[in-house]
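What follows is the residue order along each chain.
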Amino acid sequence: MSIPLKSSFLLSYLCTLPLALLRREILMADSEALPSLAGDPVAVEALLQAVFGVVVDEAIQKGTSASQKVCEWKEPEELKQLLDLELRSQGESQEQILERCRAVIRYSVKTGHPRFFNQLFSGLDPHALAGRIITESLNTSQYTYEIAPVFVLMEEEVLRKLRALVGWSSGDGIFCPGGSISNMYAINLARYQRYPDCKQRGLRTLPPLALFTSKECHYSIQKGAAFLGLGTDSVRVVKADERGKMVPEDLERQIGMAEAEGAVPFLVSATSGTTVLGAFDPLEAIADVCQRHGLWLHVDAAWGGSVLLSQTHRHLLDGIQRADSVAWNPHKLLAAGLQCSALLLQDTSNLLKRCHGSQASYLFQQDKFYDVALDTGDKVVQCGRRVDCLKLWLMWKAQGDQGLERRIDQAFALARYLVEEIKKREGLELVMEPEFLNVCFWFVPPSLRGKQERPDYHERLSKVAPVLKERMVKEGSMMIGYQPHGTRGNFFRVVVANPALTCADMDFLLNELERLGQDL
């Protein structure tokens, strides 16, 4: 029996094996290849064509059709059985694999559906999706120019465009794995700028530090303080007004209190587009406070940053050009697809690389044959970094500034339409007049209408939203988020972001709530 030895290396390897194991290796080498598509380009193409067909039919066409369900709810144990999640020793046929793909799509929530109002992201942009498919197909890591030349140049151009919209003619930036990480990077950069020795010597070199944000901030600020070793006690919570905006006078007061207690203020994190109410902090006034005290100003514009594209509404972010750093998530309002999160800096001193870099010699060699400044991987704490710029770039190429501006303006118009419809209907009560795309309101069921004076009114009203949420999800008709807020009981938060939405979708939303709650 001949042994198909293909190299002297393989021969040397076999000679080192015990006799019993050697016999096994010989039998394996002499047998037919294991089932695989790797060596059969025709089979590979056939599989992918079939999978893409399933995706187009089930995830895209049906998943964005108002005539289909947003979700097909199953309890966890039933869903486990339907999906057959167990991983076994034997592989499955391609027909079975296609059925797996169909099942995954069938039982997943369709976030591109026009009745999905649950999160700050929704919709399905075809050009962005094309970019995501190409990104996954190329499967490269964006840390060096040598393996990601196209995307290194593309990322810098996209970041330059975003910085220009903020109002900066120069600066730096990077795409991060989510807005939470962008916020944490900003905290780390602000700390490093003031105390660069902490990178090497750690927390023992630092005095007690204080950072400031409003009570409406994203929870990643607290998480970031804990993760970076500052502790959540270092986060000083500034008052917000009745509309959810940071109160600059209280920020000034909190800074004075921190200094009196022996802490060193170093950063203020303002928010442009808060998660629940959609509030925009007064950036000009906050920037004045930061300038007086020499503090780093970070703006978490993960949700609201895309408003900068609208000449009509960009005034909501007046003063953002005075920030030191900005977090902006195009995967939210621009529907670029998860994930697409940029951290933008006004800094031109290479602060990102100085703060995060470790100069790994096997990756960031300094004697390469091209400009090593193009190797951006040392700007982040990750090693491998996915490409997040292509989907945004391709969508922007297709839409242009004007197309994206129309998308933003249309969302504002639809939110205003929804607000006016809410005002017309019995049993619907606005939490407040929105200034953004978060439309917050209570559904007051028939049994509670006109009974606001009852001592248990607010307690009973707070139980309505969870009941209606369960009903809509189990029917699959739509998805809307709800939450309590301060002293307010549970209310609905409709996020008007999907670029495919129409007035008919707004009407359906309100009609469906009335139908689902008519017996309450």
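Since we're looking at a predicted model, the values are computed, not measured. Within every chain, residues take consecutive numbers counted from 1 along the sequence as written. Whole-chain, interface and lining totals are the exception, using all residues; otherwise, since this is a predicted model, local features are given only for residues with pLDDT of at least 70 and side-chain atom pairs are given and counted only at 80 or more. Water and hydrogen atoms play no part in the side-chain values, which are based on all heavy atoms of the structure.

1. Regarding the UniProt feature "modified residue: N6-(pyridoxal phosphate)lysine" (unreviewed entry) in the protein chain
Inference 1: UniProt positions are given in the numbering used here, feature names are shortened, and annotations may be inferred rather than shown by experiment. Mapped onto the present numbering, the UniProt feature "modified residue: N6-(pyridoxal phosphate)lysine" (unreviewed entry) falls on Lys332.
Inference 2: We call two residues contacting when some pair of their heavy atoms lies within 4.5 Å. Excluding anything up to four places from it in sequence, Lys332 contacts Leu120, Phe121, Ala302 and Trp303.

2. Observations regarding a nonpolar patch on the surface
Inference 1: Residues qualify for a patch when their relative accessible area is over 30% and they have no salt bridge, like charges being joined within 9 Å and the nonpolar side chains of Val, Leu, Ile, Met, Phe, Trp and Tyr within 5 Å. Shrake-Rupley sampling with a 1.4 Å probe provides the accessible areas, and residues are treated as covered by the protein chains on show and by no other component. We define a salt bridge as a contact between a side-chain nitrogen of Lys or Arg and a carboxyl oxygen of Asp or Glu at a distance within 4 Å. Side chains of Leu48, Phe52 and Ile133 sit close together on the surface and give an oily, nonpolar patch of about 260 Å² of accessible area.
Inference 2: The helix count covers DSSP runs of H or I at least four residues long, the strand count covers runs of E at least two residues long, and both are numbered beginning at the N terminus. For Ile133, the location among the structural elements is in helix α6 (residues 126-138).

3. A short note on the nonpolar core
Inference 1: Within the largest apolar cluster, 105 residues are counted, with the highest numbers of intra-cluster contacts made by Val439, Phe441 and Leu513.
Inference 2: In terms of residue count, the dominant contributor to this core is helix α14 (residues 390-424) (13 residues).
Inference 3: Note that the domain bounds were set by an automatic or database domain assignment. Here this core spans two domains, and each of domain 2 (141-358 + 370-386) and domain 3 (400-517) adds at least three residues to it. Definition used in this section: a nonpolar core is a set of buried Ala, Val, Leu, Ile, Met, Phe, Trp, Tyr and Cys residues joined via side-chain atoms within 4.5 Å. Buried, partly exposed and exposed residues are distinguished by accessible area as a fraction of the type maximum, computed with a 1.4 Å probe on protein chains only: under 20%, between the cut-offs, and over 50%, respectively.

4. A word on the sheet that holds strand β9 (residues 428-430)
Inference 1: For two strands to be treated as a pair, DSSP must find no fewer than two bridges joining them. The five strands are arranged β1-β11-β12-β10-β9 in an open sheet whose pairing can be described as mixed. Strands with a single pairing partner mark the edges of an open sheet, and in this sheet they are β1 (116-117) and β9.
Inference 2: Sheet topology note: the β9/strand β10 (residues 438-443) ladder contains three bridges and is antiparallel. The residue of β10 that forms the bridge with Leu430 is Phe441.
Inference 3: Along the sheet face, helix α17 (residues 503-516) touches β1, β9, β10, β11 (479-485) and β12 (488-495) and points at about 25 degrees away from the line of β10. In this description, a line fitted to the C-alpha atoms serves as the axis of each element, helices being fitted only across the stretch in contact, and the angle between N-to-C directions of two axes falls anywhere from 0 to 180 degrees.

5. What about helix α7 (residues 149-166)?
Inference 1: To estimate how far a helix should reach, multiply one less than its number of residues by 1.5 Å. Taking 1.5 Å of rise per residue, 18 residues should cover 26 Å, and α7 covers 26 Å from first to last C-alpha, within 8% of that figure.
Inference 2: Among all positions in α7, only Phe151, Val152, Met154, Glu155, Val158, Leu159, Leu162, Arg163, Leu165 and Val166 are buried.
Inference 3: At its buried positions, α7 is contacted by α6, β2 (172-176), β7 (325-328), β8 (341-345) and α14.
Inference 4: Following α7 by one or two positions, Gly167 adopts a phi angle in the positive range, close to 120 degrees.

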